[in-house]
Amino acid sequence: MFVSDAVGRTLGHYGVMILSRFPFSGLWLFTMESRMGRNLLVATMTVNGEKFAFGTAHLESLDSAPYRASQLSTAASVLNLPGYTRLFMGDFNFDATRNFVPHKLPLENDQLAVKFPDYVDVWAVLHPDRIGYTFDTDTNAMLDWMRHEPETMRYDRILAACQPRCTVDVIEMIGTEPITNVGDVNYILPSDHYGLVCRIVFIDPTV
């Protein structure tokens, strides 16, 4: 297993980390415009002769749309790597269907198609009939403290821009079940967000 930061020097309050079964060929941490110390982490590697670039970030929280827009622009620019299969993922801190400020337009999610035109939102493509809330006070006991203000949002995304030899064919939500065998407590989940896992497969582009 390869870890982007084994001792946590770069993490701070809102750090991001990449774990991989394959060795990194490159690893970079980019400072983004932020009031909260948000960074973009990018790892590159080669698997089966295909070059991959993985970027992850935890975008600015709450009523901070201009900061998130700037952070998305940074990620789009950094991940502009021709010849690579590229994935950008993380907690985007805006929902897919509504804004932090109700009824305010344009929809924040719409900028993904503009800034990442050759990427697909993997969940939306593979599960068009499922909303896919990753932050859900109705089902996640780790959000019991928010019961007085219920919130269901699809904050977390995986965007993918695949080269012809690759495609993403599966994406599922994880961390939706309690962790068992933790004393007498049987409601602890891994996080107050549900996670996402996707599968990248190699294909023959000539078929």
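Up top is the structure.
Residues numbered from 1 in each chain as written. Predicted model: local features only at pLDDT ≥ 70, side-chain atom pairs only at ≥ 80, totals over all residues. Heavy atoms only, no water.

## A closer look at the overall build of the chain
So, point 1. From N to C terminus, the chain includes three helices and 12 strands.
So, point 2. The C-alpha atoms of the chain give a radius of gyration of 18 Å, which matches the 17 Å a tight globule of 207 residues would have.
So, point 3. In terms of overall dimensions, the chain has a C-alpha envelope of 50 × 45 × 40 Å along the principal axes.
So, point 4. Nonlocal contacts in the chain, meaning residues at least 24 apart in sequence, comprise 60% of its contacts between residues at least 6 apart.
So, point 5. Both charge centroids of the chain, one from 16 positive and one from 24 negative side chains, sit 6 Å from each other. (Helix = DSSP H or I, 4+ residues; strand = E, 2+ residues; numbered from the N terminus. Rg over C-alpha atoms; globule rule 2.2 N^0.38 Å. Contact = heavy atoms within 4.5 Å. Lys, Arg positive; Asp, Glu negative; His and termini not counted. Charge placed at Lys NZ, Arg CZ, Asp CG, Glu CD.)

## Structural notes on the packing of aromatic side chains
How two aromatic rings sit relative to each other is given by the distance of their centres and the angle of their planes.
So, point 1. Applying the stated criterion to the full structure yields seven aromatic pairs.
So, point 2. Plain terms: the ring middles of phenylalanine 52 and phenylalanine 54 are 5.9 Å apart, the flat faces sit at 10° to each other, and that makes the pair stacked.
So, point 3. We classify phenylalanine 54 as buried; its relative accessible area is 18%.
So, point 4. Ring-pair connections join several aromatic residues into one group, and the members of that group are Phe88, Phe92, Phe94, Phe116 and Tyr119. (Phe/Tyr/Trp six-rings, centres within 6.5 Å; stacked < 30°, edge-to-face > 60°. Buried < 20%, exposed > 50% of the residue type's maximum accessible area, 1.4 Å probe, protein only.)

## Some details on the sheet that holds strand S4 (residues 39–47)
In a beta sheet, neighbouring strands pair by backbone hydrogen bonds and run either parallel or antiparallel.
So, point 1. Read from one edge to the other, the open sheet built from six strands follows the order S3-S4-S5-S6-S10-S7, with strand pairing classed as mixed. At either end of the open sheet lies a strand with only one pairing partner, and these are strand S3 (26–31) and strand S7 (120–121).
So, point 2. As paired strands, S3 and S4 are joined by six bridges and run antiparallel to one another. Looking at the pairing, tryptophan 28 lines up with valine 42 of S4.
So, point 3. Relative to S4, helix H1 (residues 65–78) is tilted by about 25°, and along the sheet it contacts S3, S4 and strand S6 (85–91). (Pairing = 2+ DSSP bridges. Axes fitted to C-alpha atoms, helices over the stretch in contact; angles between N-to-C directions.)

## Considerations on the environment of threonine 44
So, point 1. Relative to the assigned elements, threonine 44 resides in strand S4.
So, point 2. Judged by its relative accessible area of 4%, threonine 44 is buried.
So, point 3. Threonine 44 sits 11 residues away from glycine 55 along the chain, and the two C-alpha atoms are 8.8 Å apart.
So, point 4. Apart from the residues lying within four places of it in its own chain, the contact partners of threonine 44 are Pro23, Phe24, Ser25, Gly26, Trp28, Phe52, Ala53 and Tyr84.

## Concerning unusual backbone geometry
So, point 1. The omega torsion across leucine 105 and proline 106 is 5°, close enough to zero to call that bond cis.
So, point 2. A positive phi is found at asparagine 48, a non-glycine position, where the angle reads about 55°.
So, point 3. Within the element layout of this structure, asparagine 48 appears in the loop between S4 and strand S5 (50–58).
So, point 4. Under the relative-accessibility criterion, asparagine 48 is labelled exposed at 56%.
So, point 5. With a phi close to 70°, histidine 103 is a non-glycine residue in the positive phi region.
So, point 6. Along the chain, histidine 103 turns up in the loop between S6 and helix H2 (111–115).
So, point 7. With a relative accessible area of 82%, histidine 103 lands in the exposed category.

## Examining the nonpolar core
So, point 1. In this structure, Leu40, Phe88 and Phe116 are the most contacted members of the largest nonpolar core, which totals 20 residues.
So, point 2. Ranked by residue count, the leading element in this core is H1, at four residues.
So, point 3. Phenylalanine 88 has contacts with Leu40, Gly55, Thr56, Ala57, Leu72, Ala75, Leu79, Phe116, Tyr119, Arg157, Ile158 and Leu159, leaving out every residue within four places of it along the chain.
So, point 4. Grouped together as the second largest cluster of nonpolar side chains are 15 residues, Trp123, Ile158, Ala160 and Tyr194 included. (Core = buried A, V, L, I, M, F, W, Y, C linked by side-chain atoms within 4.5 Å.)

Treat this as a map of the structure, not an account of what it does.
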